[in-house]
Amino acid sequence: MSKVAIVTGGSRGIGAAISIALKDAGYTVAANYAGNDDAAKAFTDSTGIKTYKWSVADYDACAAGIKQVEDELGPVAVLVNNAGITRDSMFHKMTPQQWKEVIDTNLTGLFNMTHPVWGGMRDRKFGRIINISSINGQKGQAGQANYSAAKAGDLGFTKALAQEGARAGITVNAIAPGYIGTEMVRAIDEKVLNERIIPQIPVGRLGEPEEIARTVVFLAADDAGFITGSTISANGGQFFV
Ligand code: CAA
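Residues numbered from 1 in each chain as written. Predicted model: local features only at pLDDT ≥ 70, side-chain atom pairs only at ≥ 80, totals over all residues. Heavy atoms only, no water.

A. Inspection of the overall build of the protein at higher detail. Across its full length, the protein holds 10 helices and 7 strands. For a compact globule of 241 residues, the expected C-alpha radius of gyration is about 18 Å, and the protein comes in at 17 Å, within 12% of that figure. Each of the three principal axes of the protein carries a C-alpha extent, and together these read 50 × 40 × 35 Å. Relative to its 241 residues, the protein shows a buried fraction of 46%. A separation of at least 24 residues holds for 70% of the contacts in the protein among residues at least 6 apart in sequence. When the accessible surface of the protein is summed, it comes to about 11300 Å², and 54% of that surface belongs to carbon and sulfur atoms. Distance from the positive charge centre (23 side chains) to the negative charge centre (24 side chains) of the protein: 4 Å. (Helix = DSSP H or I, 4+ residues; strand = E, 2+ residues; numbered from the N terminus. Rg over C-alpha atoms; globule rule 2.2 N^0.38 Å. Buried < 20%, exposed > 50% of the residue type's maximum accessible area, 1.4 Å probe, protein only. Contact = heavy atoms within 4.5 Å. Areas by Shrake-Rupley, 256 points an atom, 1.4 Å probe, with all protein chains shown as cover. Lys, Arg positive; Asp, Glu negative; His and termini not counted. Charge placed at Lys NZ, Arg CZ, Asp CG, Glu CD.)

Shown next, in the form of structure tokens:
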């Protein structure tokens, strides 16, 4: 029987590419999404991948959503914590709300999603947790104190949990994408993107969502069991840790 994978934010952007790549690799995929019903329906229609609506910022909703997925598809073997938002602002203009929304989704969302699947993974002695962090959690980014803090937190979470999961056959890894050509990045002011950001990327272009998805498939594999606690950067050479 094929393994079940949940991808949060799995119907758009990098998440959609991850959902498709995991499906193509033989997983039964549940793509979670928070709000965009039209995009989710279009995604299911074109891929056949089931979508499930809840906010990763809400613990109870995560627990209920995961239970629904497990009842319908089977126990979760792979969790990809991909859902993320931006509320960019220079710090002197950042509101407490902009701070909180980003921390709740991009950092606390990892707790909310991972906690409900952790016990089952421990019992079954197998699990793959893959956290999508960001280059901006590694290097920091002006205009993103909230996002950079959350994404750096994701790396700490990954390293701590990797130590706890190791004996139970659960690997916990992070991927740190650079600037990928999704709606999130294309929402950046064109002048900022073209004049400040792209010139800093040695390969000279934005990344493709599929270039992140292939890394997820690699980490999810049964024979990736010796890789845990690591962060794989995929950023076109923009930043070396
Ligand atoms: N370092 C230092 N100072 C900077 C700076 C930088 N990188 N960027 C801008 N500033 C300065 C500007 O020079 C300016 O200074 P003065 O007022 O003295 O002239 C000041 O900050 C304000 O800059 P802006 O005019 O750009 O301010 P704004 O309010 O119009 O816009 C912003 C602020 C929305 C944060 C905008 O600068 C921006 O979009 N920056 C890009 C942020 C970014 O990279 N976001 C990534 C989103 S994609 C993503 O997050 C995915 C991922 O994981 C990679």
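B. Local environment of helix H3 (residues 59-73). With 15 residues, H3 extends 21 Å between its outermost C-alpha atoms, agreeing within 8% with the 21 Å of an ideal straight helix rising 1.5 Å per residue. Residues of H3 that are buried: Cys-62, Gly-65, Ile-66 and Val-69. Along the axis of H3, the buried positions cluster into a sector of 100 degrees, meaning they face one direction only. Across from the buried face of H3, at angles greater than 90 degrees, the exposed residues are Asp-60, Lys-67 and Asp-71. Its side-chain oxygen at 3.1 Å from the backbone nitrogen of Asp-60, Asp-58 defines the N-terminal cap of H3. Remark: Gly-74 follows H3 within two positions and exhibits a positive phi of approximately 120 degrees. (Expected span 1.5 Å × (residues − 1). Arc of directions from axis to C-beta. Polar contact = N/O pair within 3.5 Å; in protein donor to acceptor, adjacent residues only side chain to side chain.)

C. The arrangement of unusual backbone geometry in detail. Of note in the backbone geometry, Lys-125 takes a positive phi value of approximately 60 degrees without being a glycine. Looking at the secondary structure, you find Lys-125 in the loop between helix H5 (108-124) and strand E5 (127-132). Exposure remark for Lys-125: the relative accessible area of 53% places this residue in the exposed category.

D. Representation of the packing of helix H4 (residues 96-106) against helix H7 (residues 145-165) in the model. Between H4 and H7, the shortest axis-to-axis distance is 9 Å and the interhelical angle comes to 25 degrees. Classed by the angle they form, the pair H4 and H7 counts as roughly parallel. Classified by chirality, the crossing of H7 by H4 is right-handed. Note on element contacts: H7 touches H4 through Ala-145, Asn-146, Tyr-147, Ala-149, Ala-150, Lys-151 and Asp-154, opposite Gln-98, Trp-99, Val-102, Ile-103 and Asn-106. In terms of residue class, the contact of H4 with H7 is built from 7 nonpolar, 3 polar and 2 charged. (Axes fitted to C-alpha atoms, helices over the stretch in contact; angles between N-to-C directions. Parallel < 35°, antiparallel > 145°, perpendicular 65-115°, else oblique. Left-handed = near helix turned anticlockwise from the far one by under 90°. Nonpolar A, V, L, I, M, F, W, Y, C, P; charged D, E, K, R; others polar.)

E. Region of the structure containing the pairing of strand E2 (residues 28-33). Most of E2 is tucked away: 5 of the 6 residues are buried. Read from strand E1 (residues 4-7) through helix H1 (residues 13-24) to E2, the crossover connection turns out right-handed. Pairing between E2 and strand E3 (residues 50-53): 4 bridges, direction parallel. When the sheet's bridge partners are listed, Ala-31 is paired in E3 with Thr-51. Each parallel crossover has a hand, and the one from E2 via helix H2 (residues 37-47) to E3 is right-handed. (Right-handed = clockwise from strand over helix to strand, strands pointing away. Pairing = 2+ DSSP bridges.)

Read these as layout, nothing more, since geometry by itself doesn't imply function.
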